[in-house]
Amino acid sequence: MLLRYSLRNILLIIMAALILSACAAKTTKKIETQTTQITGDTYTGDETVKYLATGVPDRVFFATNKSVLTTASRDTLRKQAAWLRENKSINVTVEGHADERGTREYNLALGERRANAAKDYLMTYGISGNRISTISYGKERPVNSGSGPLAWSQNRRSVTVKAN
Amino acid sequence: MKNILFLIFLFVVFFAKSTFALIEIDITRGNLNPLPIAVSPLHVESKSSEILQEIKVGSEISKIIENNLLRSGLFNPLEKDSFVQKPDIAHLKPRFEDWKLIKAQALITGKVNITNDKLRIEFRLWDILAAKELMALAFTTVPNNWRRVAHIITDKIYKRLTGEEGYFDTRIIYVAEKGPKNQRIKRLAIMDQDGANTKYLTLGNELVLTPRFNPTNQMVTYMSYFRNLPRVYLLDIETGVQEVVGDFAGMTFAPRFSPDGKKIIMSFAKDGNSDIFTMDLETRVVERITEHPAIDTSPSYSPDGKYICFNSDRSGYQQIYVMRSDGSDVKRITFGQGIYGTPVWSPRGDLIAFTKMYQGKFYIGVMRTDGSGERLLTENYYQEAPSWSPNGRVLIFYRETKSGSQGEGFSATLWSIDLTGYNERLIETLTDASDPSWSSLLSK
């Protein structure tokens, strides 16, 4: 009886160890792909990015609670500005978004601040403010519905969309 | 709607002012010993022709009272199976020893009849240990108003036994949610505080957020993305008439009424900066209250209208500040670890409820208005936006759950918790729900 009991225990332990090691392998792999896509706290991948034209990404990403443009963001926005200079008839709306880890009202303000950070940068590269409107969606329109650092980093964004 | 709401006539049959009550409930402590109370089914007078309807109403009213008392956390309604006395006889004069046997300390009896399309409901509250009647009241109303009568009766009982105003004849306005997380459909919804009588006030064509009641009437302010212009709106829930609040060249959000119901205070975002403004609903005069390059939002007045609490990230992160209602004398009041948002001033004036974010968790808490005495009432993965019951004893707020990359597992639900930190309860809603706001007492 006692022997059978301990045998069963040993079997359980072996099974648990197998499952755990499988999990561990899976998480390290996942973390690796995430770290290559998030620098500091800002998303640097292109999984969710769409293009306004060839070589002109439509969005830039932000760190938690921040609206500071990174070097990569400024690069993207300069491409958008160049494209807007070439396509004078096109107006755009910059949509500002936040991740789900904040209060709803603060996130609305934060999204507006992010959209305007992008708009201001476009304006310093010669695009008239009349061609750029902004709207904040706060945390209301995530692009990635998940709850984790990767999803949150993809959702902290401003997206430039054609308005006409 | 209006005629139904106000067709209540109160007849004071007998008010036992002189009675010395042995039972009383101390609601300032966590209620570890809820008061055992027996709610007898309301006796139905048999001479009426609409007897079937009455029988239903008689037992339904007692169920609603019982459910209200149970959910308050202060009462323990006893099983009706154990009741020994018939409702009609108990209503005339209970045999107190019998009720003592089943450990009841208080007893509610009543009777109901319908004549000429009028519903008459009578109830009595008895102190079993003192063998005395504490209270007796009768109401006459239109028959389909019986739910409200049940809530009003609960308020009377609550007040008689706790010494404080009740919060049962109230409603909750909230945002009803459905659909996938990245394309959520949101509608304004309103229901009784116990979850009954849900009505939808918008169709879901545009995103709507953060509805709040006017504390003095049936007006509501909320934010809508109508025509993709996020603005604060004013809605009369009795007529359905709505209008944009003010003429702002940008997003307005985070609205709330002043305590006298005459102003709306809100944030206005322009060129990347959000500040706090008020608009007088009569004169339409707009006033700027804060002027700071940081985000200032979630404003809430003190009940005397002299102060405003709000959150601002002027220190680098969201913290709670208090200022005079003209915007002067701004003082930061939160210095604890973590960041703080959605301050809401208690209707009693002595506390501010808030959302706190610390180490990846969200807390609902309360503190004194100078920031001292912080107490966290509940911890969760995500929860925010507390709203006070009109008597300042209970907070309602919403929670969201973690979800997978396709949004699976996501839900949004309403919860309530006592100021004491006890009695946390899910508020059942027909759909997912968020952004709850508690009304004032509909009848005072």
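Residues numbered from 1 in each chain as written. Chains lettered and ligands numbered in written order. Predicted model: local features only at pLDDT ≥ 70, side-chain atom pairs only at ≥ 80, totals over all residues. Heavy atoms only, no water.

Per the secondary structure count, chain B includes five helices and 31 strands. Computed over its C-alpha atoms, the radius of gyration of chain B comes to 23 Å, within 12% of the 22 Å expected for a compact globule of 444 residues. Over its C-alpha atoms, taken along the principal directions, chain B stretches across nearly 70 × 45 × 45 Å. Looking at the 444 residues of chain B, the share that counts as buried comes to 58%. The long-range share in chain B, meaning contacts at least 24 apart out of those at least 6 apart in sequence, stands at 47%. Accessible surface for chain B amounts to roughly 18600 Å². Of this, 51% is attributable to carbon and sulfur atoms. One finds the centroid of the 54 positive side-chain charges in chain B at a distance of 2 Å from the centroid of its 52 negative side-chain charges. (Helix = DSSP H or I, 4+ residues; strand = E, 2+ residues; numbered from the N terminus. Rg over C-alpha atoms; globule rule 2.2 N^0.38 Å. Buried < 20%, exposed > 50% of the residue type's maximum accessible area, 1.4 Å probe, protein only. Contact = heavy atoms within 4.5 Å. Areas by Shrake-Rupley, 256 points an atom, 1.4 Å probe, with all protein chains shown as cover. Lys, Arg positive; Asp, Glu negative; His and termini not counted. Charge placed at Lys NZ, Arg CZ, Asp CG, Glu CD.)

A word on the domain arrangement of chain B. Residues and elements named next belong to chain B. Looking at the assigned domains, one finds that chain B contains domain 1 (35–162) and domain 2 (171–438). When each unit is reduced to the centre of its C-alpha atoms, the spacing between domain 1 and domain 2 is 37 Å. Each partner contributes to the interface: domain 1 provides ten residues, whereas domain 2 provides eleven residues. The junction of domain 1 with domain 2 conceals about 730 Å² of combined surface from both sides, 36% of it contributed by carbon and sulfur atoms. (Domains from an automatic or database assignment. Buried area = accessible area lost by both parts, 1.4 Å probe.)

Let us now look at the sheet that holds strand β24 (residues 351–358) of chain B. All names here are of chain B. Read from one edge of the open sheet, four strands run β23-β24-β25-β26, paired in antiparallel fashion. Both edges of this open sheet fall to β23 (339–345) and β26 (375–380), since each of them pairs with a single strand only. Within the sheet, the average angular offset between the axes of one strand and its neighbour, ignoring direction, is 20°. One ladder, built from eight bridges, connects β24 with strand β25 (residues 361–368); its direction is antiparallel. Across the sheet, I352 pairs through a bridge with M367, a residue of β25. (Pairing = 2+ DSSP bridges. Axes fitted to C-alpha atoms, helices over the stretch in contact; angles between N-to-C directions.)

Let us look at the layout of surface pockets. Sizing a probe to match a water molecule and rolling it over the atoms shows the empty space that remains. Taken as a whole, the largest pocket encloses approximately 680 Å³ of empty space. Lining the largest pocket are 34 residues, and of these P215, W345, P347, W388 and W438 of chain B lie nearest its centre. Counting residues per element, the ones that place at least two in the lining of the largest pocket are β11 (208–213), β15 (251–257), β19 (296–301), β23, β27 (383–388) and β31 (432–438) of chain B. Its residues placed into classes, the lining of the largest pocket shows 16 nonpolar, 13 polar and five charged. Estimated volume of the second largest pocket: approximately 430 Å³. In this structure, the second largest pocket is lined by 22 residues; those nearest its centre are S133, T134 and I135 of chain A together with L229 and G250 of chain B. Those elements that place two or more of their residues in the lining of the second largest pocket are β6 (92–97), α3 (104–124) and β7 (132–138) of chain A together with β16 (263–270) of chain B. Ranked by the residues each element gives to the lining of the second largest pocket, the list is headed by β7 of chain A, at six residues. (1 Å grid on protein atoms, 1.4 Å probe; cavity = no way out; pocket = protein on both sides within 12 Å on 5 of 7 lines; lining within 4 Å. Points joined across faces, edges and corners; volume = space filled by probe spheres on them. Nonpolar A, V, L, I, M, F, W, Y, C, P; charged D, E, K, R; others polar.)

Contacts between the two partners involve 50 residues from chain B, matched on the other side by 27 residues from chain A. Summed over both partners, the interface of chain B with chain A buries about 3100 Å², with 48% contributed by carbon and sulfur atoms. It is K181, N182 and I295 of chain B in chain B that bury the most area against chain A; as a group they hold 17% of the surface buried on that side. Joining chain B to chain A, the criterion identifies six salt bridges. (Salt bridge = Lys/Arg side-chain N within 4 Å of Asp/Glu carboxyl O.)

All right, on to the pairing of strand β5 (residues 106–115) of chain B then. Residues and elements named next belong to chain B. Among the ten residues that make up β5, eight are buried, leaving the element largely enclosed by the rest of the structure. Of the strand pairs in this sheet, strand β2 (residues 35–39) and β5 are connected by three bridges, and their pairing is parallel. Opposite A38, over in β5, you have L107 as the bridge partner. Here strand β3 (residues 43–44) pairs with β5 via two bridges, running parallel. Among the inter-strand pairings, H43 is bridged to a residue of β5, identified as K111. Pairing of β5 with strand β6 (residues 118–127) involves ten bridges; the strand directions are antiparallel. What sits directly across from L107, in β6, is W126.

Residue position: I89 of chain B is located in helix α3 (residues 87–92). C-alpha separation for the pair I89 of chain B and F277 of chain B, spaced 188 residues apart in sequence, amounts to 61 Å.

As enumerated under the stated definition, the model contains 35 salt bridges over all chains in all. Here R104 of chain A ties to E140 of chain A by a salt bridge, and the two come within 2.8 Å at their closest N and O atoms. Of the two residues, R104 of chain A sits in helix α3 while E140 of chain A sits in the loop between β7 and α4 (149–155), which places them 36 residues apart along the sequence. Residue R104 of chain A is classed as buried on the basis of its relative accessible area, which comes to 2%. Its relative accessible area of 4% is what places E140 of chain A among the buried residues. Note that R124 of chain B and E133 of chain B form a salt bridge whose closest N and O atoms lie 3.2 Å from each other.

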